[in-house]
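Residue-level listing of the chains:
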Amino acid sequence: MLLSLAATLGAVVQPHLPLAAEALAPLQGRTSRRRPGGELFRAHNLSELSLLAATPPEPSPLPANFSWSNREGRNYLSTAYNQHIPQYCGSCWAFAATSCLADRWYIRQMLSDRAENHVSAELRLSVQNVLSCGNLVTRCGTCQGGNDAAVYQYAQLHGIPDESCSSYMAEDTTCRAEDPVTQTNKPACYTCWPNTQDPSQPAKCEAVARYRKLFASGVGNVRGAEAMKKEIYARGPISCGIDATDEMEAYKAGTTFAQPPSSTPARVDHVVSVVGWGKDSQNNDYWLVRNSWGVTWGDEGFMKLVTSYNKGPLGTSNNLVESDCYFGIVDRYDYD
């Protein structure tokens, strides 16, 4: 099974048709005490992406239960991080995309012949690098909102380094390697050393010229339950827009979530990653979703969310999570 799954990771991709006009409409969502405004703004640059369609070989049939958190006893997923510390930052789009890319690289490495001894380590990509540097390249976003699809484009054009190159600050900065490293200017990769001449003075920080980055070979788009399942099973987690309601904020571990009826129209205003699917003890079909609100939220940062094909008692109100999802085809983790 591992060999057959590994073969799907090199699947050929085909050009994707242009997105429908309604898909390019502004996607600003509801406000709540945690989210002062929408966090997902795909419209401004989606038309600039060269999108790919997912065309992995189709397993027959797809398993009824599948998750990269427990694939034949192994967890292939990075942990759920917290975008809200050390201060609030609307960077869900960056966390979702970088987590999916890191997962996919780990999956690819572990399922390849080169990983027979299972020595590959989890990769944690730098969200701060995306905030500080990625936005200059692809206009992917800031702490006021952004575009997960453009993060994959940034990985394709320039690559994303790991977290040790630029730790998460939850704030927007400039990215000028030629200028001094300060609180408001963070180059793509930097490090700091003590001021040995005067220990009472701040440490000296400087840009690092040579460092490894994770590159993507393409950006893809999927919509709908069947296409999502095929892509997740073949290559790994995907990032999806979602309506992050107050009820979703209150989600409790051990339950399956379905959005209660509301007079407020559903709007995509947040991004999560979808890592698998299953069926609960009440026969509700669910997606396994990873959020970026920390491991204190939900079930260690994860939630079960009903699918559009659910026949169980909770129904199918799943906060638009199947409406628009993106992914990157991981290519290499190297210096250039």
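Right above here is the structure, for reference.
Note that the coordinates shown come from a computational prediction; the quantities given were computed from them, not determined experimentally. (Residues numbered from 1 in each chain as written. Predicted model: local features only at pLDDT ≥ 70, side-chain atom pairs only at ≥ 80, totals over all residues. Heavy atoms only, no water.)

Digging into the pattern of salt bridges
Summed over all chains, the structure comprises eight salt bridges. We note a salt bridge from Asp 324 to Arg 223, for which the minimum N-O separation is 2.8 Å. Of this pair, Asp 324 sits in the loop between strand E14 (302-306) and strand E15 (325-334) while Arg 223 sits in the loop between strand E9 (213-222) and helix H5 (225-235), and the two are 101 residues apart along the sequence. By relative accessible area, which is 7% here, Asp 324 ends up buried. We note a salt bridge from Lys 279 to Asp 285, for which the minimum N-O separation is 3.1 Å. In this structure Lys 279 comes out as partly exposed when scored by relative accessible area, which is 40%. Exposure remark for Asp 285: the relative accessible area of 10% places this residue in the buried category. Residues participating in the shared-partner salt-bridge network are Arg 104, Glu 231 and Arg 235. (Salt bridge = Lys/Arg side-chain N within 4 Å of Asp/Glu carboxyl O. Helix = DSSP H or I, 4+ residues; strand = E, 2+ residues; numbered from the N terminus. Buried < 20%, exposed > 50% of the residue type's maximum accessible area, 1.4 Å probe, protein only.)

What to know about the environment of Pro 237
Position of Pro 237 among the secondary structure elements: in the loop between H5 and strand E10 (238-242). Judged by relative accessible area, which is 0%, Pro 237 ranks as buried. As for Pro 237 and Val 289, which are separated by 52 residues in sequence, their C-alpha atoms are 9.5 Å apart.

Digging into helix H4 (residues 148-157)
Counting buried residues along H4, eight of its ten residues qualify, which places the element largely inside the surrounding structure. Taken together, the buried positions of H4 are occupied by Asp 148, Ala 149, Ala 150, Val 151, Tyr 152, Gln 153, Tyr 154 and Ala 155. For H4, the capping residue at the N-terminal end is Asn 147, with a side-chain oxygen 2.9 Å from the backbone nitrogen of Ala 149. Following H4 by one or two positions, Gly 159 adopts a phi angle in the positive range, close to 85°. (Polar contact = N/O pair within 3.5 Å; in protein donor to acceptor, adjacent residues only side chain to side chain.)

What about unusual backbone geometry?
Cis geometry marks the peptide bond from Ile 85 to Pro 86, where omega comes out at 10°. Turning to its location among the elements, Pro 86 is positioned in the loop between strand E3 (66-67) and helix H2 (92-110). A positive phi angle is found at Asn 283, which is not glycine, with a value near 65°. Assignment of secondary structure puts Asn 283 in the loop between strand E12 (270-279) and strand E13 (285-290). The residue Glu 300 is not glycine, and still its phi comes out positive at about 55°. As for its placement among the helices and strands, Glu 300 is situated in the loop between E13 and E14.

Digging into the state of the cysteines
By the definition in use, this model includes five disulfides. Covalently, Cys 165 is tied to Cys 189 through a disulfide, its sulfur atoms 2.0 Å apart. Its S-S torsion of about -75° marks the bond between Cys 165 and Cys 189 as left-handed, since a negative value means left-handed. Of the two residues, Cys 165 sits in the loop between strand E6 (160-161) and strand E7 (190-193) while Cys 189 sits in the loop between E6 and E7, which places them 24 residues apart along the sequence. The exposure classification of Cys 165 matches that of Cys 189, with both residues buried. What pairs with Cys 192 in a disulfide is Cys 205, and their sulfur atoms sit 2.0 Å apart. With the S-S dihedral at roughly 105°, the linkage between Cys 192 and Cys 205 falls on the right-handed side. Residue Cys 192 is found in strand E7, and its partner Cys 205 is found in strand E8 (residues 204-207); the two are separated by 13 residues along the sequence. A relative accessible area of 28% means that Cys 205 is categorised as partly exposed. (Disulfide = S-S within 2.5 Å.)

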